[in-house]
Amino acid sequence: MTTGYAGDRTTGFASPASDAIEGPIDLSEVLSLSKPNRYPVRVSGTSFSSRGVMNGDVLIADTVGAPASGRLVIASVSGQIILAELRNDHGRWLLISGDGSSQPLYVDPAKDVEIWGTVTALVRTEV
């Protein structure tokens, strides 16, 4: 009578890598997408390729994250959604384009220039 292999009668040494085996990675959990203030945004364009953001990447934006100089943000400028670097200029926030193609803009809701969310993560679906 033969029985199937169950994996419990292995000869030799246990693999030292078995301590490093991790279960499945749940990206929704890692990226905190269940929080109501987290949103995925797909990038269209290459203006921030120097910072590793490529066309087609998915950015995770946090709408309640505190602004910080040097961070990437999703902003609204006259109804157009843009990706920009945030900089502090003597207490006022500036939006800087990634490729220098447009003039820096001061964040000013009265002029329809607002920060929508701070980028907290990047997901690349193709290598």
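A brief report on the enclosed structure follows.

Conventions adopted
Residues numbered from 1 in each chain as written. Predicted model: local features only at pLDDT ≥ 70, side-chain atom pairs only at ≥ 80, totals over all residues. Heavy atoms only, no water. Pairing = 2+ DSSP bridges. Helix = DSSP H or I, 4+ residues; strand = E, 2+ residues; numbered from the N terminus. Phe/Tyr/Trp six-rings, centres within 6.5 Å; stacked < 30°, edge-to-face > 60°. Buried < 20%, exposed > 50% of the residue type's maximum accessible area, 1.4 Å probe, protein only. Lys NZ or Arg CZ within 6 Å of the ring centre and 35° of its normal. Salt bridge = Lys/Arg side-chain N within 4 Å of Asp/Glu carboxyl O. Contact = heavy atoms within 4.5 Å.

Attention now moves to the sheet that holds strand β2 (residues 58-62). Across the sheet, which stays open at both edges, the 7 strands sit in the order β1-β2-β7-β3-β4-β5-β6 with antiparallel pairing between neighbours. Edge positions in the sheet fall to β1 (38-42) and β6 (105-106), since each has one partner strand and no second. In this structure, strand β3 (residues 72-77) lies alongside strand β4 (residues 80-89), joined through 6 bridges in antiparallel fashion. If you follow Val73 over to β4, its bridge partner there is Ala84.

What follows covers the packing of aromatic side chains. Summed over all chains, the structure comprises 1 aromatic pair. Between the aromatic rings of Tyr39 and Trp116, the centroid separation amounts to 5.5 Å while the plane-to-plane angle is 40°, which identifies the pairing as tilted. Here Tyr39, found in strand β1, pairs with Trp116, found in strand β7 (residues 113-123); they are 77 residues apart in sequence, far enough to count as distant. Assessed through its relative accessible area of 36%, Tyr39 is described here as partly exposed. The class of Trp116 is partly exposed, set by a relative accessible area of 36%. Positioned over the ring face of Tyr106 is Arg92, at 4.0 Å from the centre of the ring.

This part takes up the pairing of β4. If you look at the hairpin formed by β3 and β4, you'll find 2 residues sitting between the two strands, and Ser78 has a positive phi there, around 55°. In sequence, β4 turns back onto strand β5 (residues 92-96) through a hairpin of 2 residues, with His90 there showing a positive phi of about 55°.

Scanning the model with the defined rule gives 4 salt bridges in all. The partner of Asp57 in a salt bridge is Arg124, and the shortest N-O contact between them spans 2.7 Å. Separated by 67 residues along the polypeptide, Asp57 in the loop between β1 and β2 and Arg124 in the segment after β7 bring together distant segments of the chain. On the basis of relative accessible area, Asp57 is assigned to the buried category, the value being 2%.

So, on to the side chain of Ser76. With respect to the element layout, Ser76 can be found in strand β3. Classification of Ser76 by relative accessible area gives buried; the value is 17%. Residues contacting Ser76, with those up to four places away along its chain left out, are Ile81, Asp112, Val113 and Glu114.

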